[in-house]
Every structure is written in C-alpha cells, then in structure tokens.
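Reading the structure
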Amino acid sequence: MTRFALSRRSRLRSVLAAATAVLLPLLGAGLAFPGGAAASVPNASEPAYYDVTSPSTTATGLAADLTQRGYDVLEGRLTHGVPILATAAEAQRLRHRGLTVRYAGPLYQPVSASVRAAAGTYYGGYHTAAGHEAHNQQVASAHPDLVVLRSIGQSWLKTQGRGGHDIQALCLTKIKPGDCATSTSGAKPKFTLMAQMHARELATGELAYMWIDYLVGNYGTNADVTRLMDTTELWVIPIANPDGVDIVSSNSTRPVSQRKNAHDNGCSGTGRGVDLNRNSSYHWDVNQGTKCSETYPGASAASEPETQGIQNLLAGIYRDTKPSADFSPATTDTTGTFVTLHSYAELNIYPYGWTNTLAPNNDDLRTIATAMSRSNHYDVVHGDGGLNYFAPGATDDWIYGTLGVPGYTIEVGPNSSSCSGFFPRYSCVPGFWNLNVGAFMALANAAAHPYPTGH
Ligand SMILES: [Zn+2]
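The sections below set out a description of the structure shown in this document. Positions within a chain are numbered from 1, following the residues in the order the chain's sequence is written. Local features in this predicted model are restricted to residues of pLDDT 70 or higher, and side-chain atom pairs are both shown and tallied only at a pLDDT of 80 or more, whereas totals for entire chains, interfaces and linings draw on every residue. Heavy atoms from the whole structure form the basis of all side-chain values; hydrogens and water molecules are not counted.

A 1.4 Å probe rolled over the protein chains alone gives each residue an accessible area, and that area as a share of the maximum for its type sets the label: buried under 20%, exposed over 50%, partly exposed in between. Only DSSP runs of H or I reaching four residues or more are called helices, and only runs of E reaching two or more are called strands; each is numbered from the N terminus. Taken together, the buried positions of helix α7 (residues 223–231) are V225, T226, L228 and M229. The buried side chains of α7 occupy one side of the element, clustering within an arc of 165° when seen end-on. Put simply, N222 is the residue that caps the front of α7, since its side-chain oxygen is 2.9 Å from the backbone nitrogen of D224. This arc corresponds to the set of directions leading from the helix axis out to the C-beta atoms. Counting of polar contacts relies on pairs of N or O atoms within 3.5 Å, with two restrictions inside protein: one atom must be capable of donating a hydrogen and the other of accepting it, and residues adjacent in sequence are counted only when both atoms are side-chain atoms.

And the structure:
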C-alpha cells in the first residue's frame, strides 16, 4: 500500500463477496475480515489488522502520531479509524494510552493442507523470487522471437557479496532488429509494468507473472495481443525487490511482512531495510521516516542498488520529453507509459503523489487512469486524495517528473473481504487478474500517444 484509500465501490464489493461465498466452503472455514464487527484475535502471537481511533485527535493527526511512534500505519481506510498492522501487545499498549483499538482481521489466511505448493512457490501458490527467475528463463528460452531477458542491476545483498539477486527485466515484443535495446530511439513505444517493490504485497508479483504468460500465450491467436506485440515493447520487472521477497517467503504458511529491501541498517525484524518507493531521485524527502520505520527513504536519493538499476533501465529506454521544472509539461510527442503495482486499496493513482497541485499534463494523465478504471473499477486519485498523505520519492512520480512518461500506481485488492490485506489466499489472485488485465492493456495501448491534448 503506498498511500491512502477512499471508499470502495459497492459493485466490486459485491463481486468479491460472491467470489468469497464460493471459495470459502471449498477451502475450509476461514476468517473473513469482520469489517468492524466484534471479533476475537485468533492468534495473539501473530500481527493482525487493527483500526485505531482517538477521542481527541483527528484520524489524520493520529496517523501521523502513530507513524512517528514507529507503528506500522497502513495508510488506508481512515473511514474506520487509522489502520495498523500490530501485535496484540502493541494493540494493548495503545488501549492503555486511551485509544480505541478495534481488531479488523487476521494477517494470515489459512493455507489448505490440500494445496501442495509446487517447487518455487509458497503460501498456497505465490512464487518465490527464485520461482519468478525460473519462469523468466523458461519463457525467454521457449520464445526467443518474443522475449529478451535482461539483468538490470543487483539487489542490496548481492552488492555486499551476501547472496541476493540480479534484478531481472523482460522485454516482450515480436522482435525486429533494434528492438529491446537500451536505447531511447527505438522504433516502438514502450510500456513497463513493475511489481513487488514492496515485498509483502504478494499479489502484485503474481499479476506480473500472469501478464508475461498472457502476452506470449496469446501472440498469434488473440488479435489485440498480437497487434500490441507487433507494435509495442512490453517491459516487465516482475520482482523489483527480490531480497525482500526472500524474507517474505522464508515462512511458507506465515509470510514475513517485509516491505523494504534487505539493507542491513541495524534495525531488527521488518524494520530492516529502505523503502524503495521513497528512494527515487525525484523529490526524495529525508523526513519520510527514521531508519527503522516502514517508509525510511534511505540515506540519500537513489542510495539503493535496486533503485539505481530500475532508474537506469527506464532512463535508458524512454525518451526524456519533459523540462526538469516540476510544472513544465511534457511535450505532445511523448511516447510510453509505466505502471508500478502495489496493494491494497483498489486505486488507480496518477501523478503527482508529492503534491496536490495538478501536474502540467493532468488532463491526459487522468484520461488514461480513467481508461484503466473502466476495467478494474478502482477509484482514480492523485496527490494526497484529501487525506494529507503524500508519497515523495515514489517511482511513478519519478518517471513522470524526470522523463515526462505517464507513471501510474495500481493498488491491487480490496480493503475488506477475505481477499483483502497483504496476504490474501492464493485463490484471490485470478479475480485480481480478471479485473486488471484490461487496465494493463489500456496502459499499453496508450503508450503510442499518451498526450493527445497536451494539457
Ligand atoms: Zn506498496
């Protein structure tokens, strides 16, 4: 979750409720999110979701206070109070301070014993970083006419000689000479989809995995996919934070809620690391969080090797069409689009995220987000969404503010129902895919000419 949430659309809620009604009996009784109803904490030793309210402070003020005190504030659902992820002991400490703390649901969904995790998977089917890498290699080997697999940099652990990973990117297109090069002058416009920069946002990596399979699997049979692959370079960074994903997947039934990378900064547990979605070199803000907080932006702008690898790739393939001044527009001959997948809150977020002042290409940026919404029915927002939260140093702002390329965030997954949270059961993923594949296609199709009006 990057920022904030607004009220959900009842239409989607009913779709997911119907899906839940079908799935729950199949998978064994599970704890659905009670949505504020009285409920007992199922396992006091595990973190869970809580909503916190104060008799004397606004939700926004309370959120800032809890963040300052080091709580894992989830930046969403302020309608029911401030959502946090906390242990039962932490919740009790807050109650002793006079706050109302309401249990809102478990962090973990039960993983049915009948679901045998295949190699390279965990938590009922989610792919490990190694599982993604095997998939990337397999797809590239099977489709040399359609796929180029690249290493674009290294994870923090790898730079330290302590294991770790290369950051992998795939370029998918019907390959012609000159395609998929590190060049800003290639013949085809580019769309890049990036996932799991926040490691604990499990569903996002799966959508990247499915997007890759969708493109190569439908080339030559589905007319829309075939035309897209013939005309556009479709770049995918399935796992932007592989060290973080290794931490998450180290427990296959109780994933670790690691958001940041694995940069060893002396903090214990999930306090370790840098928030890669606050580490970009555009509007990097030292005040986003202290070392052990979930939004620690790093020691300096683009301090992390993951950030450097991603920025270097994107700056290497997209033409820079925007003057550096924040409110100078990108030119109408800009090509390309970009999306980074996060979870959860059902939002299509467009630039800027560091200020409420409209971006100079606002009308065209919003038009594309609205096209995405026709598929996923998520709310279209920018800035702080009226909640006083900003996300300076995020990737979507960086690519727009620096290069002029329309950059979006999709917050995948609902605020309530058993498909909510960071760790929805794996059977929720197909529903997320069905909603979002049309949004990905809308973004990809906009890459040729994203700013038709220039406003
Ligand atoms: Zn996120």
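Time to look at helix α10 (residues 362–376). An expected span of 1.5 Å times one less than the residue number is assigned to each helix. The first and last C-alpha atoms of α10 sit 21 Å apart over 15 residues, in line with the 21 Å expected at 1.5 Å per residue. Turning to α10, its buried residues number three or more, namely N362, D364, L365, I368, A369, M372, S373, S375 and N376. Throughout, a residue-residue contact means that at least one pair of heavy atoms, one from each residue, lies within 4.5 Å. Considering only its buried residues, α10 is in contact with β12 (347–349), β13 (379–381), α11 (395–403), β14 (407–411) and α12 (429–446). Just beyond α10, the residue with positive phi is H377, at close to 60°.

At the junction of S343 and Y344, the peptide bond is cis and its omega measures out at 5° in the coordinates. Structurally, the position occupied by Y344 is in the loop between β11 (337–342) and β12. Residues P351 and Y352 are joined by a peptide bond in cis, for which omega reads -5°. Relative to the elements of secondary structure, Y352 occurs in the loop between β12 and α10. Located in the positive-phi region is E346, a residue other than glycine, with phi close to 55°. The phi dihedral of S417 is positive, around 90°, even though this residue is not glycine. Structurally, the position occupied by S417 is in the loop between β14 and α12. Since its relative accessible area comes to 18%, S417 is described here as buried.

Among the 6 residues in strand β1 (residues 48–53), 5 count as buried, and that is most of the element. With 5 bridges connecting them, β1 and strand β3 (residues 82–86) associate as antiparallel partners. Pairing of A48 across the sheet is with A86, part of β3. Here β1 pairs with strand β4 (residues 100–106) via 6 bridges, running antiparallel. Paired with T53 across the strands is T100, a residue of β4. When DSSP finds at least two bridges between two strands, those strands are taken to pair.

The next point concerns the sheet that holds β14. Across the sheet, 8 strands lie side by side as β7-β8-β10-β9-β11-β14-β12-β13; this open sheet has mixed pairing. The open sheet has two edge strands with one neighbour each: β7 (147–154) and β13. The mean inter-strand angle of the sheet, taken between neighbouring strand axes irrespective of direction, is 20°. When strand β8 (residues 166–172) meets strand β10 (residues 233–237), the two strands line up antiparallel, connected through 3 bridges. Paired with L170 across the two strands is V236, which belongs to β10. In this fold helix α4 (residues 129–142) packs onto β7 and β8, with an angle of close to 145° to the strand it touches most, β7. Simply put, an axis is a line fit to the C-alpha atoms, just over the touching stretch for a helix, and the angle between two N-to-C directions goes from 0 to 180 degrees. Packed onto the sheet, α11 meets β9 (190–195), β11, β12 and β14 and runs at close to 165° relative to β14.

This next bit is on the coordination of the zinc ion. A donor here means an N, O or S atom no more than 2.8 Å from the metal, or no more than 3.2 Å when the metal is Na, K or Ca. Since water is not included, a site may seem to lack partners. Every protein donor of the zinc ion is accounted for by H198 (ND1), E201 (OE), E201 (OE) and H342 (ND1), and the metal-donor separations fall at 2.1 to 2.3 Å. A four-donor site is classed as tetrahedral when every donor-metal-donor angle falls between 85 and 135 degrees; four donors are called square planar, and six octahedral, when trans pairs exceed 155 degrees and all remaining angles lie between 65 and 115, with any other arrangement labelled irregular. For the zinc ion, the 4 donor atoms are set out with angles of 57 to 144° between them, so the coordination reads as irregular. The sequence motif formed by the donor residues of the zinc ion is H-x2-E-x140-H. In this pair, H198 sits in the loop between β9 and α6 (202–218) while H342 sits in strand β11, placing the two residues 144 residues apart along the sequence. Each member of the pair, H198 as well as H342, carries the same accessibility label: buried.

Another point: the nonpolar core. Ranked by internal contacts, the top residues of the largest apolar core, which has 93 residues, are L172 and W211. For this core, the element with the highest residue contribution is α12, accounting for 11 residues. The start and end points of each domain follow an automatic or database-based domain assignment. Each of domain 1 (47–106) and domain 2 (121–446) contributes no fewer than three residues to this core. Every residue in contact with W211, bar those within four places of it in the chain, is listed here: F191, L193, L228, L234, V236, W433, V437, F440 and M441. One finds L62, A86, L94 and V101 within the second-largest nonpolar core, a separate group that totals 18 residues. To define a nonpolar core, start from buried Ala, Val, Leu, Ile, Met, Phe, Trp, Tyr and Cys residues and group those joined through side-chain atoms within 4.5 Å.

As a further point, take empty space enclosed by the protein. Whether a set of points on the 1 Å grid over the protein atoms alone is a cavity depends on a 1.4 Å probe fitting there but being unable to get out, while an open set qualifies as a pocket with protein on both sides within 12 Å along at least five of seven lines; lining residues are those with an atom within 4 Å of a point. Grid points are joined across faces, edges and corners, and a volume is the space filled by probe spheres set on the points. Summed over the entire model, instances satisfying the criterion amount to 2 cavities of 30 Å³ or more. Estimated volume of the largest cavity: approximately 60 Å³. Every residue along the wall of the largest cavity is listed here: A129, H132, E133, N136, H165, D166, Q168, P238, I239 and P242. For the lining of the largest cavity, the secondary structure elements donating two or more residues are α4 and β8. By residue number, the principal contributor to the lining of the largest cavity is α4, which donates 4 residues. Three classes are used, and their members are as follows: Ala, Val, Leu, Ile, Met, Phe, Trp, Tyr, Cys and Pro are nonpolar, Asp, Glu, Lys and Arg are charged, and the others, Gly among them, are polar. Tallied by class, the residues present in the lining of the largest cavity amount to 4 nonpolar, 4 polar and 2 charged. If you add up the space inside the second largest cavity, you get close to 50 Å³. Lining the second largest cavity we find M197, L276, S280, T307, I310, Q311 and T395. At 3 residues, the largest contribution of residues to the lining of the second largest cavity is made by helix α9 (residues 305–317).

By definition here, a salt bridge exists when the distance from a side-chain nitrogen of Lys or Arg to a carboxyl oxygen of Asp or Glu is within 4 Å. This structure, assessed with the given rule, holds 11 salt bridges. Across the pair R102 and D51 runs a salt bridge, and its minimum N-O distance is 3.9 Å. Of this pair, R102 sits in strand β4 while D51 sits in strand β1, and the two are 51 residues apart along the sequence. Judged by its relative accessible area of 3%, D51 is buried.

Such coordinate-based values are descriptive only and should not be taken to indicate function.
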